[in-house]
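Listed here are the chains, written in short residue letters.
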Amino acid sequence: MKATRFIKHLAMASLILMGNVSVFANHPDTDFVYNTEEEGGIKVSEIVYKMEKGFLTNYKKYNYKYNEERQITENVLQRWDAEHKTWNNDMCIRYNYDGKSVTVSYYKWSNDRKEFVLLPRLTSVINN
């Protein structure tokens, strides 16, 4: 009796799980899978994988830095180069905290200069 009830519950749970999987499999957001790395409860990196032809492939990587108050100070975006099998710098966002305001500065990677170059038109100050 208990075994039969358990099997019925297991079958029902399996049907619900399969239904959820098929719903999410058709959802466009499932083309991406996120793998987050944390240290001390703070996200320090996140790799985004993209579904291509049934396989997950490297796509983007975010690296985060924080200050002593656990406020984000830098976010570096890297893109995967499948040909060379390396992560290449793309963008960097830096945050500077000054009292009740935060300056957000955007940088683009320069292959020629081998460094991030400030994009002044995107820099902004946010007042709390």
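Everything numeric in this text was worked out from a predicted model, so none of it was measured.

Peer 1: I'd like a rundown of the overall build of the protein, residues and numbers included.
Peer 2: Along its length, the protein carries 1 helix and 8 strands. Listing every helix and strand of the protein by position from the N terminus yields α-β-β-β-β-β-β-β-β. Burial analysis of the protein (128 residues in total) assigns 23% to the buried set. By sequence separation, contacts in the protein at least 24 residues apart represent 15% of the contacts at least 6 residues apart. Split by element, the accessible area of the protein, about 9900 Å² in all, is 55% carbon and sulfur.

Peer 1: So what about unusual backbone geometry? Which residues, and what values?
Peer 2: The phi angle at Arg 70 is positive, at roughly 65°, despite the residue not being glycine. Tracing the backbone through its elements, the reader meets Arg 70 in the loop between β3 (55–66) and β4 (72–81). Not every positive phi belongs to a glycine, and Lys 85 is a case in point at roughly 55°. Checked against the element boundaries, Lys 85 lands in the loop between β4 and β5 (86–98). On the accessibility criterion, Lys 85 (63% relative accessible area) is exposed.

Peer 1: An account of the packing of aromatic side chains is needed here, citing residue identities and associated values.
Peer 2: Scanning all chains against the criterion turns up 4 aromatic pairs. With centroids separated by 5.0 Å and ring planes inclined at 65°, the aromatic side chains of Trp 80 and Trp 87 adopt a geometry described as edge-to-face. We classify Trp 87 as partly exposed; its relative accessible area is 22%. Just above the ring of Tyr 107 sits the side chain of Arg 94; from NZ or CZ to the centre is 4.4 Å.

Peer 1: Please provide a residue-by-residue account of the environment of Tyr 34, values included.
Peer 2: Its place among the elements puts Tyr 34 in strand β1 (residues 32–39). Overall, the relative accessible area of 51% leaves Tyr 34 in the exposed class. Along the backbone, Tyr 34 and Val 48 are 14 residues apart, and their C-alpha atoms lie at a distance of 4.7 Å. Once residues lying within four places of it in the same chain are set aside, the contact partners of Tyr 34 are Glu 46, Ile 47 and Val 48.

Peer 1: Outline the environment of Thr 86, supporting the account with residue identities and numerical values.
Peer 2: Topologically, Thr 86 is positioned in strand β5. In this structure the C-alpha to C-alpha distance between Thr 86 and Asn 58, which are 28 residues apart in sequence, comes to 9.7 Å. For Thr 86, the side chain forms a polar contact with the side chain of Asn 88, separated by 3.3 Å.

Peer 1: Help me get a handle on the side chain of Lys 61, residues and values and all.
Peer 2: Within the element layout of this structure, Lys 61 appears in strand β3. For Lys 61, which is buried and forms no salt bridge, the nearest opposite charge comes from Glu 37, at a distance of 6.7 Å. Apart from residues lying up to four places away in sequence, Lys 61 is in contact with Glu 46, Ile 47, Val 76, Leu 77, Gln 78 and Trp 87.

Basis of the calculations
- Residues numbered from 1 in each chain as written.
- Predicted model: local features only at pLDDT ≥ 70, side-chain atom pairs only at ≥ 80, totals over all residues.
- Heavy atoms only, no water.
- Helix = DSSP H or I, 4+ residues; strand = E, 2+ residues; numbered from the N terminus.
- Buried < 20%, exposed > 50% of the residue type's maximum accessible area, 1.4 Å probe, protein only.
- Contact = heavy atoms within 4.5 Å.
- Areas by Shrake-Rupley, 256 points an atom, 1.4 Å probe, with all protein chains shown as cover.
- Phe/Tyr/Trp six-rings, centres within 6.5 Å; stacked < 30°, edge-to-face > 60°.
- Lys NZ or Arg CZ within 6 Å of the ring centre and 35° of its normal.
- Polar contact = N/O pair within 3.5 Å; in protein donor to acceptor, adjacent residues only side chain to side chain.
- Lys, Arg positive; Asp, Glu negative; His and termini not counted.
- Salt bridge = Lys/Arg side-chain N within 4 Å of Asp/Glu carboxyl O.

None of the figures reported here should be taken as evidence of function without further support.
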